[in-house]
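# Examining the three-dimensional arrangement
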Amino acid sequence: MKEFFREFFGIGGYKREPEGYMSWQHLTFVTFLMIVMVALAVYFGRKNKNSDYKTKNKVLIWAAILIDGFELFKIIMGCVSSKDPLNWLYNLPLFLCSIQLITIPLAAFSKGKVKEASLDFVFVFGILGAVLGTYAAGQNYSAYPVLGFDNVVSGITHSISGFASLYIIISGMQSMKRENSIIVFIIMLAFAIMALIANLTLDYNYMFLMRGDGTPYDIFYNLVKGNAVIYPIIVVLLFAIYIALFYYVYHLIIKRKKKA
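Reading guide: rules and limits
Residues numbered from 1 in each chain as written. Predicted model: local features only at pLDDT ≥ 70, side-chain atom pairs only at ≥ 80, totals over all residues. Heavy atoms only, no water. Helix = DSSP H or I, 4+ residues; strand = E, 2+ residues; numbered from the N terminus. Rg over C-alpha atoms; globule rule 2.2 N^0.38 Å. Buried < 20%, exposed > 50% of the residue type's maximum accessible area, 1.4 Å probe, protein only. Contact = heavy atoms within 4.5 Å. Areas by Shrake-Rupley, 256 points an atom, 1.4 Å probe, with all protein chains shown as cover. Expected span 1.5 Å × (residues − 1). pLDDT = per-residue confidence, 0-100. Patch = residues over 30% accessible without salt bridge, like charges linked within 9 Å, V, L, I, M, F, W, Y side chains within 5 Å. Salt bridge = Lys/Arg side-chain N within 4 Å of Asp/Glu carboxyl O. Lys, Arg positive; Asp, Glu negative; His and termini not counted. Charge placed at Lys NZ, Arg CZ, Asp CG, Glu CD.

For the rest of this paragraph, the subject is the overall build of the protein chain. The number of helices and strands found in the protein chain is ten helices and zero strands. When the helices and strands of the protein chain are read in sequence order from the N terminus, they spell out α-α-α-α-α-α-α-α-α-α. For 260 residues, the compact-globule estimate of 2.2 N^0.38 gives 18 Å, and the C-alpha radius of gyration of the protein chain, at 19 Å, lies within 12% of that figure. Along the three orthogonal principal directions, the C-alpha set of the protein chain runs to about 60 × 45 × 35 Å. Relative to its 260 residues, the protein chain shows a buried fraction of 46%. Relative to all contacts within the protein chain whose residues are 6 or more apart in sequence, the contacts with residues 24 or more apart total 73%. With an accessible surface of roughly 13,600 Å², the protein chain has 71% of that area assigned to carbon and sulfur atoms.

Following this line, the structure appears as structure tokens:
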């Protein structure tokens with residue numbers, strides 16, 4: 001049992017070989033997570049759709065507690081297993097997916113315009129982060145066993161982001177006011193700037209602004225031959241385009257529903 005826990009948590013390094021990115025083990029595991037994520041979002045979203053706002057918000061409060069709790073535990077275990085007290089510097093919430101560690105709690109606990117913009121941010125990026133952080137996470141599944149601590153916790157936290165996104169729209173908590181799209185972009189841009197500063201300081205790759213690392217971003221990284229200026233600009237522009245398209249499609253659907 002002791003050996004099992006040591007191997008699961010990767011203490012001293014994993015002895016098992018990674019099954020590999022896009023292996024059947026990888027795809028089976030993340031598909032299971034996605035099924036559970038969607039099922040729970042549909043269940044709680046439909047259950048609370050006609051409830052008062054306080055009742056709806058309780059689910060987001062639990063999502064905020066769980067996602068930050070899992071991530072904090074992961075950071076602590078990372079420091080323990082690596083025997084490096086500064087390991088947390090490489091687990092800052094500066095990936096696109098991990099911004100939800102801050103925006104989900106803001107959506108759950110804040111009020112007014114901040115809450116409104118945070119709810120929209122989680123809605124817009126939560127499901128994208130869930131998919132990219134599970135199916136497209138080549139950097140994780142190429143490095144760690146599928147059922148290892150790193151991938152299990154990463155899968156759970158990304159699934160919570162996707163759950164929160166789906167729950168917000170199903171329960172009707174989103175506002176999606178057009179003016180909020182600017183705030184959503186500003187939030188994303190602020191984190192991108194912080195990520196770039198951290199990357200240059202730590203020689204790391206937060207938000208994949210330095211290179212693709214086995215993710216779909218590699219397409220654009222290779223396209224510009226790794227240009228250190230053009231590549232991060234393309235990544236940020238992709239975020240901006242995604243936000244604009246998301247709002248456009250959302251309002252197009254709402255408009256057609258009103259006409260129907």
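Over its 23 residues, helix H7 (residues 149-171) extends 32 Å from the first C-alpha to the last, a length consistent with the 33 Å expected when each residue adds 1.5 Å. A positive backbone phi angle near 80 degrees is found at Gly-172, which sits one or two residues after H7.

Here the protein chain averages 89 in pLDDT, while 96% of its residues score no lower than 70. Confidence, expressed as mean pLDDT per element, reaches its minimum in the protein chain at helix H1 (residues 2-9) with 69 and its maximum at helix H2 (residues 24-48) with 96.

Positive charge collects at one region of the surface, where Arg-178, Lys-255, Arg-256 and Lys-259 lie side by side. With respect to the helices and strands, Arg-256 occurs in helix H10 (residues 230-259). On the accessibility criterion, Arg-256 (59% relative accessible area) is exposed.

So, on to H2. The terminal C-alpha atoms of H2, which comprises 25 residues, lie 36 Å apart, in line with the 36 Å expected from a rise of 1.5 Å per residue. Buried within H2 are the following residues: His-26, Phe-29, Val-30, Leu-33, Met-34, Met-37, Ala-41, Gly-45 and Asn-48.

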